[in-house]
Amino acid sequence: MTNLLFAFLACESEDVAVDDSGHDTAPAFVETLDPDQLHILAASSPALGDPGHPLAELSLDLEVRWSVDFDNGDGTAGAVRFDNGETVYVRTALPPNFFSSLERVAADGTLLWTQHAFFSDNLSFAHGLVRTPDGDYLIADTILSRVLSVSEEGVVQWELSFRDEGGARLPNGIDLQTDSSGVTRIVVSQLVPGSAARSDQIEVYRLGGRTELPTLEWSFVGGSGPTERLWPHGPRFMEDGTVMVSYAARGQIGHLVEGVEEWRVPEVPGVLAFPRDTVVLPDGSWLVADAAEEVLRVHDPLGRFEIVGAAYVPGVFGLTSVTCGEGGGLPCLD
């Protein structure tokens, strides 16, 4: 797929592109970002033998600057960078070898600690990681149908279940945002197993006290039945509190406002194969983790959705942006 994308890019050399979708034509892409203005932590589960890394730090020119490798086929599903250069990630084995753990490494990749007892005897398949203002970690635990909050010492603060009388929903992505008033919310994407008549969902919850269960604020429910599945992944809060989410089954990315879908792009599926996460860059372009194979740079995402860069990142699942430098930034590693 990568070779085809780069062939496509080579053909897109005109100064102004023709837009047949009815959108206004945007200017040609011009790079305005320094490659080390921010970095991207790519959480991945590369297959054995692939030239990939479970956790890799990419510059904005999509070059690998730093990575963590394991001695088996485990991958990662989310990461958090700290101001001393250390990184916490959630490590997970691919089925049928269910196993997950929370680990912290130094800037040189040395393992500092690992925690896994709270994953109920290792029967788990973690799919997302964020950190609360209190310093706890929220982990989307797919197989056990829950989001759990755990301290750095491995103490569970609360557990939010996605099992009810209708069955189980499988949480597979999570994001967190604290607004200007100090209110913290999480957004969780959820799949329905198999081809059940129930629907995939995205839900936003408000966090309370450190040991209190979150309170549901709104939900978005997709269509039911196998032909209407969305397979939502990688929910993302925007600056205004709205939510962007990747519809992997549709090859599209949607925008939700208070549980109502405002738009999907690209309007005609086919550009993306199986998107699982999206990061909005300072210039308005996007980085999309697609098909567990590539990270794509997208220019004019709400218009002609033009792919202007691509990197092969085997097994890529999630993307975390790290603003580099002092004055509110974090250490970017290279």
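So, here is what we can say about the structure in this document. Residue indices begin from 1 for each chain and proceed along its sequence in written order. Side-chain atom pairs in this predicted model are given and counted only at pLDDT of 80 or more, local residue features only at pLDDT of at least 70, and totals for whole chains, interfaces and linings cover all residues. No hydrogens and no water enter the side-chain calculation; it runs on all heavy atoms of the structure.

### A short note on the pattern of salt bridges
By definition here, a salt bridge exists when the distance from a side-chain nitrogen of Lys or Arg to a carboxyl oxygen of Asp or Glu is within 4 Å. Scanning the entire structure with this criterion turns up 20 salt bridges. Of the charged contacts, one joins R65 and D36 as a salt bridge, the two residues approaching to 2.8 Å between their closest N and O atoms. With R65 in strand 3 (residues 64–68) and D36 in the loop between helix 1 (2–11) and strand 1 (38–44), this residue pair connects regions lying 29 residues apart in the sequence. R65 gets classed as partly exposed once you look at its relative accessible area, which sits at 24%. For R169, the salt bridge identified is with D164, shortest N-O distance 3.3 Å. Here the salt bridges share partners, and the residues they tie into one network are E31, D283 and R297. Labels follow the DSSP assignment, with helices taken as runs of H or I lasting at least four residues and strands as runs of E lasting at least two, numbered in each case from the N terminus. Note on exposure labels: buried denotes an accessible area under 20% of the residue type's maximum, exposed denotes more than 50%, and partly exposed covers the range between, all computed with a 1.4 Å probe on protein chains only.

### Quick word on the state of the cysteines
Throughout, a disulfide means two cysteine sulfur atoms within 2.5 Å of one another. Across all of its chains, the model carries one disulfide by this definition. One disulfide in the model links C324 with C332; its S-S distance is 2.0 Å. For the disulfide bridge between C324 and C332, the dihedral angle about the S-S bond is near -90 degrees, and by the sign convention the bridge is left-handed.

### Points about the layout of surface pockets
Only protein atoms enter the calculation, which uses a 1 Å grid: trapped sets of points that fit a 1.4 Å probe without letting it out are cavities, open sets showing protein on both sides within 12 Å along at least five of seven lines are pockets, and any residue with an atom within 4 Å of a point is a lining residue. Grid points are joined across faces, edges and corners, and a volume is the space filled by probe spheres set on the points. Considered as a void within the structure, the largest pocket measures approximately 1,200 Å³ in volume. In terms of lining residues, the largest pocket is bounded by 44 residues, among which D175, L176, R236, F237 and S321 are the most central. For the lining of the largest pocket, the elements supplying multiple residues, two or more each, are strand 4 (75–81), strand 8 (126–131), strand 14 (170–178), strand 18 (232–237), strand 22 (275–280) and strand 26 (316–323). Taken together, the residues of the lining of the largest pocket break down into 24 nonpolar, 13 polar and seven charged. Only Asp, Glu, Lys and Arg are considered charged, only Ala, Val, Leu, Ile, Met, Phe, Trp, Tyr, Cys and Pro nonpolar, and every remaining residue, Gly among them, polar.

### Comments concerning the side chain of T242
By the secondary structure assignment, T242 is in the loop between strand 18 and strand 19 (243–247). Throughout this description, a polar contact denotes any pair of N or O atoms lying within 3.5 Å of each other; where both atoms belong to protein, one of them has to be capable of donating a hydrogen while the other can accept it, and for residues adjacent in sequence the pair is counted only when both atoms sit in side chains. Of note is the side chain of T242, whose polar atom sits 2.6 Å from the side chain of D240. In this view, T242 contacts R236, F237, H255, L256 and V257; residues no more than four positions away in its chain are not counted. Working rule for contacts: check all heavy atoms of both residues, and any pair within 4.5 Å makes them a contact.

### Remarks on unusual backbone geometry
A cis amide bond links P95 with the next residue in sequence, P96, at an omega value of 10 degrees. Within the fold, P96 resides in the loop between strand 5 (87–93) and strand 6 (99–105). A cis amide bond links V265 to the next residue, P266, at an omega of -15 degrees. In this structure, A291 is a non-glycine residue whose phi angle is positive, near 60 degrees. Relative to the assigned elements, A291 resides in the loop between strand 23 (286–290) and strand 24 (294–299).

### Quick notes on the packing of aromatic side chains
Note on ring pairs: Phe, Tyr and Trp rings are taken, using the six-membered ring of Trp, and paired if centres are within 6.5 Å. Classes follow the plane angle, with under 30 degrees stacked, over 60 edge-to-face and the rest tilted. As enumerated under the stated definition, the model contains six aromatic pairs in all. Both rings, one in W286 and one in F305, keep their centres 6.1 Å apart while their planes meet at 85 degrees; by these two values the pair is edge-to-face. You can see W286 sitting in strand 23 and its partner F305 sitting in the loop between strand 24 and strand 25 (306–312), a full 19 residues away along the chain. Through a chain of ring-to-ring contacts, the aromatic side chains of W263, W286 and F305 assemble into a single cluster. Definition used: whenever NZ (Lys) or CZ (Arg) falls within 6 Å of the ring centre and also within 35 degrees of the ring normal, the charge is taken to sit over that ring. Cation over ring: R91 sits above F70, and NZ or CZ is 3.9 Å from the ring centre.

### Concerning the pairing of strand 18
Among the six residues of strand 18, six are classified as buried, and the element is accordingly described as predominantly covered. Alignment of strand 18 against strand 19, held across four bridges, turns out to be antiparallel. Across the sheet, R236 pairs through a bridge with M244, a residue of strand 19. Count of turn residues in the strand 18/strand 19 antiparallel hairpin: five residues, of which G241 carries a positive phi of about 90 degrees. Strands qualify as paired when DSSP identifies two bridges or more between them.

### Focus on the environment of D240
One can find D240 in the loop between strand 18 and strand 19. Assessed through its relative accessible area of 60%, D240 is described here as exposed. Taking the C-alpha atoms as reference points, D240 and D179, 61 residues apart in sequence, are found 8.8 Å from one another.

### Quick look at the sheet that holds strand 7 (residues 111–115)
The sheet built from four strands is open, its strands ordered 4-5-6-7 with antiparallel pairing. Each edge of the open sheet carries a strand with a single partner, namely strand 4 and strand 7. The average undirected angle you get between the axes of adjacent strands in this sheet is 20 degrees. Relative to strand 7, strand 6 runs antiparallel, the two sharing four bridges. Each bridged residue has a counterpart across the sheet, and for L102 the counterpart in strand 7 is Q115. A fitted line through C-alpha atoms serves as each axis, taken over the contacting stretch for helices, and the angle formed by two N-to-C directions is quoted from 0 to 180°.

These values are about where atoms sit, not about what they do.
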